[in-house]
Every structure is written in structure tokens, then in C-alpha cells.
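# Residue-level structural notes
The primary structure of each chain is shown beneath.
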Amino acid sequence: MTASAADGETTTYLVTGSNDHRIHVYDINQPDTPLHRLTGHTDTVCCLASGKYGLISGSWDSTARVWVNFRSVMVLKGHEAAVWSVANIPGSGYMITGSADKTIRLWRAGRCENVLKGHEDCVRGLAVINEDEFLSCSNDSSVRRWSASASSVLQVYYSHMNFVYDIATLPDNSGFVTVSEDRSLKVWKGGDCVQTITHPTTSVWCVCVLSNGDIVTGSSDAYIRVFTTDEQRMASTEDIIAFEEQVSATQIPTQVGDIDSSKLPGPEALQQPGKTEGAVIMVKIDDNVEAHRWNAAEMVWTKIGDVVGSSGGSSGGRTLYEGKEYDFVFTVDVAEGQPPLKLPYNMTEDPWVAAQKFITKHGLPQTYLEEVRNFIVENSQSVSMSQLDRNTSYRDPFTGASSYVPGSTPMDTASGGSFTDPFTGAGRYVPPGGDLSRDTSVPLQGADPFTGSGSYRPAEATGRAPTNPYFPLSHVETFNIIKPEAALKKLKEFNKQLPGSLRCVEADLDIVLELCDVEKSPTTPMVAYLWRLLQWPADKVFPALDILRVALRNPTINEYFCSSKKGPELLEHLVTFLDSQQSVTNQMLALRGLANLTAHPGGQELLLSNSENLIPVVSLTCGNKNGNLQIAAVSVLMNLAVLLKPKNDSGESKSQLLSALSTVSSDIEDSEARFRLCVALGTVVWKDDDSIAMAKSLGLDDVVSKWKGNSDSNKLLECSKYLHQLLL
């Protein structure tokens, strides 16, 4: 991966993930000692992807993490099994994860926006085509092409005969390449497989494409091979012949099932052309069964190996459990009448550790520890010492299991040893309206027509950017203006239209005038009366929402509604009005209420403690093009920026907020809303290098650069110029 420093210098790093649950970052010029050790995952780190933002990692712990400046800023939770592949789509803000749970998830702003289903087995690899489309490969032997925006599959490709482990795109998206358990590298162009290159090994684990178009594969025989179309870089004729002879001499293991050789065609079958590139046939020549693959480019059948015995085995006797493979998965009855529990165990594990994991996971009494340990030992003693030696003699640095040790032949199938998948730890993975048009005659400079306050006036600031009057914002902004008499009139009008069970005594409605006065000290029954009004039907509740919005500026009312008992209930109620099916009026007033919650400490704490769930919901409302609604939504995010700024342990919350600002920036057209977004962004990133790096990685520097040269608002132009300098 590469990273840019403040002075513009770019540094290249080597990044590794390991079964010690860590990620190590090395200076590519001094790889002896890691510069950074990244911790956070609780199981093997099995995939990494770099991007403009920094780094994404995936793990057997079923999560992915986003790292900026070598710090974990976001945890993506939702998959039900190991995350085996990660990627990001530049320009769209999407991050993608593929999992052993057979699904692909699309993430934005730290929130899962869609779960894509279609693969019938584990998703092993991802490759991005453009700002909308990407490819996935799977243990179901297929490749799928997806649209992120439509959340749908565009095309399905078949050619491989076994698990497809990895995928990569060719330069200029002229095609893609895949590698598989069927020992092959396949080149795809125009939706068709145009070339198949068989390897003299059991499995081809991974593939990448270099900038010059060369293709690099890594396989289970511990070799890295480079393939090229450039004659200047091709291997010698002798090396190419030696490679082809290795492929021809390879014995194909038992992945083809029982074979009745008497029914196989003879060598005459090789005189007929194959139907498709990469097609494989078995032919009987003398007493041997050979496998041949069709090379469409050269119009010849190429021998790819001799077919040997057929035990029907799949993973060296190992058993799948929750996306990983184990030497044993015991069934344990812990109590009569309760379903049995599964106890996974590998011979390389300490039985005490495995027992402790088991009782912790299932909440069993600690007194069970020794009994469970003894159960493991007694039931795993049937494993021979030779098998144990094979499992422990050679350690795969990715899985901790035994790796393939090359011998005198390309593959040692006679030993029965498994070839270790660096992702699963096994040989082969076999898994189970109201129109609210704003009065545009009000100037955008000076008094704010929505809050009644003047322009933003934070404390004097010094730092990496020139002093400016806009950010960092040191106080929250609230919506203060209301015409209480007009709201009361509308309440009385709607009250007459309500059924008797909801209708109020008309004279009692006059108390709303007192609730709108921030200087008054209303009684608890008066505040409770407002809650009753908030239960009115959706088409008649907006006057009560407007009164609530102003009433929340009153410390007594704010304390009542933000108490530990009432606060969650109020938030849940306000969020119901943010649904896209609600009127624009209700959405806007609910958002203004959320913004005004921050007028006092109780409301600030309520908003902060629920920010993880609120930020995505508030962001979605910006899809509506109504200017007043967008201003209200961004104001909530801006106030959160103010509240998060002084907190030292809010890295993940800030990252989520920055992701949200990036997401909504493409929807916001109102100049006042854009201005407030700039103020929010400036507040978050001020004197915070991690946040600056995150903002730039999300493309917010490009957004600000565009706004600073194209706006009818002087304060937006000015603020965005200051912000642009900060993000340089």
C-alpha cells in the first residue's frame, strides 16, 4: 500500500495479516522489523485491501476493519462467518466484503447498505471494475459480475471445475483472471474464458495483475509464477518445456470421483476439437487414465496429468464448523432436554484452551473446564502419531496448519498429506410534501433565517490553516424562531378534526404558549401534555413537532425528555418521522428537534450515546432535495461534530461522521446546507491528522475543491477555501 504525508511525499509499505490476529506494516526498503503492529481483530487476519482511505482488513472473527494512519477507525460487523475478501470502490464510497456465509455486503459510512445473495457457497475473492461494478468468485465454481448501485447481479460466468479462490482485473478493465482448486489460471475477455493455464500443483491460491499486464500466481507447491504476453520477458524455451512436462507428469488427486476406465474413450477422442476453452476430458491410454484440457488458441488438447485413485475424500478428513475446518467437531450433550453443542478442536491446539473457549462461548459453568478437557483428550487419541507429525512439522504462516513441502515430484499425493488453504486452514474448503419552499429573498449573509442567530462565530483558532471565522465551531446551533400563536391556531384546527379519544379540551391547548417560552419553568404535567400531542396522527402532528423543537431549548423540558427513562422513547419517536414515507414537513421538524436536543447537556449526551444509529438515519434524509430538510439534517451532523471534537476516544464515531458527510455531499444542493457541511467537516478535522487523512480518503477534499469555485453564497465560497487549505 502507499500513503501520502503532509508534505506530499508518498511512502510504499508492505502489509501482512497473520493467524496471530495482527497486521504488520513494513517499510518496503527495510522489511526486517515492522514499523506498526495493528491489533483489534480477535482471529486470523486473512485478507487485506489498500485504497485511498488507507487499509481494509478481513478476519475469521467475522468482521472487517478500516484503518487510517495505522489506527482502527471503523469496525464493519454483520457477517455470520469469516470475512475472506475485502475491497473498496473508488469514487462511490462503497466498501465491499465477501464472506464464508455466502453473502457480499456493501458498506458506506460504516453502515451496511445492502446484502447481496446469489453465490451458493463461500465468497473467496473480489475485484473492482469501475465506480459501480465489481466481480466476485466463490467456492461454487462461479464468477459473478455485480452492480453496486442496483445491488443486483449482471452476469454469471462458469468455466472452472472447482472452487475459485481469487480474481483480479486486467489493465484498462480489458478482462479478468481467476485461479482455482482445479489447478488452473483462466483468462477472461468479453465474458468468455479465452485461455486456461494449468499448474503442476494441487491448488492455485491467489493471483494478481501487474501494471505491465503480467499475471502472477501463488500456489500450494510453494511457487510463485509469472506469465506474460511480452516476448521480451518470456522464459527460455527450455524453462517453458520443463513447465509443460511438469504439468503433464502431474497426478490428479481424487476430485473426480470413482472412475470406470472401461467406459472412457481412447486416444482417438483427442482428434476431435473441444467445445470450449479449458474443456477437460479423460481418456484411457494403455492402462492409464489421462486428463487433457482443450487449448482453443492453439487448437490442441494438452495433457494436464494422470488421474489416480478415487477415495471421494475432500479435505483430508477435516470437518467444517462456522466457516473454518477442524480435525474434530465433537457433539456434546451438556444437559437433558437441551440441544447438543458443537465442540471444534484441532490437534495443534492446547486442549485446555479449546475447553475454555467452549465453555466461554456457551456460558457454561467454569467447573466444567477439566471435564471438557478430558473429553477432548480421550476422544482425539485415535489420531496416529504420523498424522500428528504431519500436522505440526511444517507450519503454514497463514493458518498455522501444515503446508505442502515440495519433494522430488511436483505433488506428493502418495503421502495423503493435505495442501493447506491459507484462508481456511484446510486442503480444500468443503462447507456445508407540505411545500416548504424557503424564502430565497433572505440573504445568506448575516442573520441566519433558520436559527435566528448570526453567522458562525467560533473562538479564535490557530493551527494548520489561516484563522477563519467559520470553524472549528465551538458551540451547537439550534433552530429558535417560531410563531407560537400560529402553531396554537393550527393545533386547535386539527384538534376539532380528531376522534374523541384523541381530542383535547381546547382551552388546555393554550399551555403550548408557555412551553415555547425558554424563560418559563413548566410543570411536569404541562410537559407530559406535550408528549400527548406528539401522539397525534402523522398528518396532524407537525404543529406539536414544531412546539417540541422550540421547547427543547428550555432546560426543564430538555431534562425531562432526555432522562434515562424518557430519552430513548423520544429518540425512537422522532426517528419514526424520518422515514421517507413521512411528509417533508414532519421529517424536517423531527430533524430540527434532534438538533435542538443539544441545547443542554442531557440532550447532548443522549445524542452522542445514540450517534452510531442516528447518523445513518439522518444521512438518508438528505436524499430529498428540499432545501430546508437538507439544512436540518446537516445541522444535526454539524452539532455532532461539535460534541465529538473534544473527545479523545471518539475515533470510530468521527470516522462514521466523516463517512456520512462524504455520502450526503453528493445529494446536497442547497448552498446553506453545503456551508454547514463545510463547518461540520472543518470542526471534525481541525488539528486532527487522522481525521484529515480519513476525510481525504473519502474524497471530501475533491468535494470542497469543487464548492470553493462554484457557489452563489459568499460564505460558502470563503469557508470552503479555508477548508481546502486545511485538507491540502
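Here is a short report on the structure shown in this document. Model, not experiment: these values are computed from the prediction. (Residues numbered from 1 in each chain as written. Predicted model: local features only at pLDDT ≥ 70, side-chain atom pairs only at ≥ 80, totals over all residues. Heavy atoms only, no water.)

### Structural notes on the overall build of the chain
Helices and strands together make up the secondary structure of the chain, namely 19 helices and 31 strands. Counting over 728 residues, the chain shows a buried share of 52%. Accessible area for the chain stands at about 32,800 Å²; split by element, carbon and sulfur atoms hold 48% of it. (Helix = DSSP H or I, 4+ residues; strand = E, 2+ residues; numbered from the N terminus. Buried < 20%, exposed > 50% of the residue type's maximum accessible area, 1.4 Å probe, protein only. Areas by Shrake-Rupley, 256 points an atom, 1.4 Å probe, with all protein chains shown as cover.)

### Structural notes on the side chain of Ser219
Structurally, the position occupied by Ser219 is in strand 22 (residues 215-219). One polar contact links Ser219 to Arg225, side chain to side chain, over a distance of 3.1 Å. Once residues lying within four places of it in the same chain are set aside, the contact partners of Ser219 are Thr201, Ser203, Val204, Trp205 and Arg225. (Polar contact = N/O pair within 3.5 Å; in protein donor to acceptor, adjacent residues only side chain to side chain. Contact = heavy atoms within 4.5 Å.)

### Describing the sheet that holds strand 21 (residues 204-209)
Spatially, 3 strands are ordered 21-22-23 in an open sheet, and the strand pairing comes out antiparallel. A strand with exactly one partner marks an edge of an open sheet, and here the two such strands are strand 21 and strand 23 (224-227). Averaged over all pairs of adjacent strands, the angle between strand axes in this sheet comes to 20 degrees, irrespective of strand direction. Sheet topology places strand 22 next to strand 23; 4 bridges connect them, and they run antiparallel. Its bridge partner being in strand 23, Ile215 is matched across the sheet by Phe227. (Pairing = 2+ DSSP bridges. Axes fitted to C-alpha atoms, helices over the stretch in contact; angles between N-to-C directions.)

### Topic: the packing of aromatic side chains
Overall, the coordinates contain 16 aromatic pairs when judged by the stated rule. For the pair Tyr157 and Phe176, a centre-to-centre distance of 5.3 Å together with 65 degrees between the ring planes defines the contact as edge-to-face. One end of the pair, Tyr157, is in strand 16 (residues 152-158); the other, Phe176, is in strand 18 (residues 176-180), with 19 residues separating them in the sequence. Taking the centre distance of 6.5 Å and the plane angle of 25 degrees together, the rings of Phe328 and Tyr345 count as stacked. Taken together, the residues span a long stretch of sequence, with Phe328 in strand 30 (residues 328-332) and Tyr345 in strand 31 (residues 341-345) at a distance of 17 residues. (Phe/Tyr/Trp six-rings, centres within 6.5 Å; stacked < 30°, edge-to-face > 60°.)

### As for the pattern of salt bridges
This model, assessed by the stated rule, comprises 17 salt bridges. Glu672 serves as the salt-bridge partner of Arg676, at 2.8 Å between the closest nitrogen and oxygen. On the criterion of helical spacing, the pair formed by Arg676 and Glu672 is a turn pair, its members being 4 residues apart in helix 16 (residues 671-685). Of the two residues, Arg676 and Glu672, both sit in the buried class. A single network of salt bridges, built from pairs that share partners, joins Asp214, Asp230 and Arg233. (Salt bridge = Lys/Arg side-chain N within 4 Å of Asp/Glu carboxyl O.)

### Things to note about the environment of Leu498
Position of Leu498 relative to the elements: it lies in the loop between helix 5 (484-497) and helix 6 (512-515). The class for Leu498 is buried, based on a relative accessible area of 2%. Linking Leu498 and Lys540, residues 42 residues apart in sequence, is a C-alpha distance of 8.9 Å. Setting aside anything within four residues of it in sequence, one finds Leu498 in contact with Arg503, Trp536, Pro537 and Lys540.

### Quick notes on the nonpolar core
Within the largest apolar cluster, 118 residues are counted, with the highest numbers of intra-cluster contacts made by Leu533, Leu594 and Leu681. Counting residues per element, this core draws most heavily on helix 14 (residues 627-644), at 13 residues. Excluding its chain neighbours within four sequence positions, the residues that come into contact with Leu533 are Leu491, Cys504, Leu509, Val512, Val541 and Ala544. (Core = buried A, V, L, I, M, F, W, Y, C linked by side-chain atoms within 4.5 Å.)

### What to know about the sheet that holds strand 8 (residues 71-77)
Taken in spatial order, the 4 strands make up an open sheet running 5-6-7-8, and their pairing is antiparallel. Lying at the two open borders of the sheet, with one neighbouring strand each, are strand 5 (45-51) and strand 8. Averaged over all neighbouring strand pairs, the angle between strand axes comes to 20 degrees, with direction disregarded. Here 4 bridges tie strand 6 (residues 54-59) to strand 7 (residues 63-68), and the two strands are oriented antiparallel to one another. Paired with Ile56 across the bridge in strand 7 is Val66. Along the sheet, helix 15 (residues 651-665) makes contact with strand 7 and strand 8, crossing strand 8 at roughly 70 degrees.

### A short note on a nonpolar patch on the surface
Residues Val153, Val156 and Tyr158 make up a contiguous nonpolar surface patch of roughly 260 Å² in combined accessible area. Residue classification places Val156 among the partly exposed residues on the basis of a relative accessible area of 33%. (Patch = residues over 30% accessible without salt bridge, like charges linked within 9 Å, V, L, I, M, F, W, Y side chains within 5 Å.)

### What to know about unusual backbone geometry
Between Phe471 and Pro472 the backbone carries a cis peptide bond, its omega angle lying at 5 degrees. One can find Pro472 in the loop between helix 4 (385-392) and helix 5. Located in the positive-phi region is Phe70, a residue other than glycine, with phi close to 65 degrees. You can see Phe70 is positioned in the loop between strand 7 and strand 8. The backbone of Asn173 shows a phi angle near 50 degrees, a positive value even though the residue is not glycine. Mapped onto the elements of the fold, Asn173 is located in the loop between strand 17 (164-169) and strand 18.

### Quick word on the pairing of strand 8
For a regular strand, side chains alternate in direction, first toward one face of the sheet and then toward the other. Sheet analysis places strand 7 next to strand 8, joined by 6 bridges and oriented antiparallel. Within strand 8, the position partnered with Arg65 by the bridge is Val75. Counting the residues between successive antiparallel strands, the hairpin from strand 7 to strand 8 contains 2 residues, one of them, Asn69, with a positive phi of roughly 50 degrees.

### Observations concerning helix 10 (residues 567-576)
Along an α-helix, residues three or four positions apart point the same way, because every turn accommodates 3.6 residues. Turning to helix 10, its buried residues number three or more, namely Gly567, Leu570, Leu571, His573 and Leu574. For helix 10, the arc enclosing every buried residue in end-on projection is 165 degrees, short of the 170-degree limit, so these residues lie on one face. Among the structural elements, helix 7 (524-533), helix 8 (542-551), helix 9 (555-561), helix 11 (584-596), helix 12 (601-609) and helix 13 (611-620) are those in contact with the buried residues of helix 10. (Arc of directions from axis to C-beta.)

### Some points on the packing of helix 8 against helix 11
At a closest axis distance of 8 Å, the pairing of helix 8 and helix 11 adopts a crossing angle of 15 degrees. Judged by the inter-axis angle, helix 8 sits roughly parallel to helix 11. The element helix 8 and its partner helix 11 pack so that their crossing is left-handed. When helix 8 is examined against helix 11, the residues Phe542, Leu545, Asp546, Arg549 and Val550 are found in contact with a partner set consisting of Thr585, Asn586, Leu589, Arg592, Gly593 and Asn596. When the residues that make up the contact of helix 8 with helix 11 are grouped by side-chain class, the tally is 4 nonpolar, 4 polar and 3 charged. (Parallel < 35°, antiparallel > 145°, perpendicular 65-115°, else oblique. Left-handed = near helix turned anticlockwise from the far one by under 90°. Nonpolar A, V, L, I, M, F, W, Y, C, P; charged D, E, K, R; others polar.)

### Quick notes on the packing of helix 15 against helix 17 (residues 689-697)
One way to put it is that helix 15 packs onto helix 17 with a least axis distance of 10 Å and a crossing angle of 30 degrees. Taken together, the axis directions place helix 15 and helix 17 in an arrangement best described as roughly parallel. The element helix 15 and its partner helix 17 pack so that their crossing is right-handed. Judged by residue contacts, Lys654, Ser655, Leu658 and Ser659 of helix 15 engage Ser691, Met694 and Ala695 from helix 17. Grouping the amino acids of the contact of helix 15 with helix 17 by side-chain chemistry returns 3 nonpolar, 3 polar and 1 charged.

### Observations regarding the side chain of His573
By the secondary structure assignment, His573 is in helix 10. Leave out the neighbours within four places in its chain, and His573 touches Trp531, Leu534 and Gln535.

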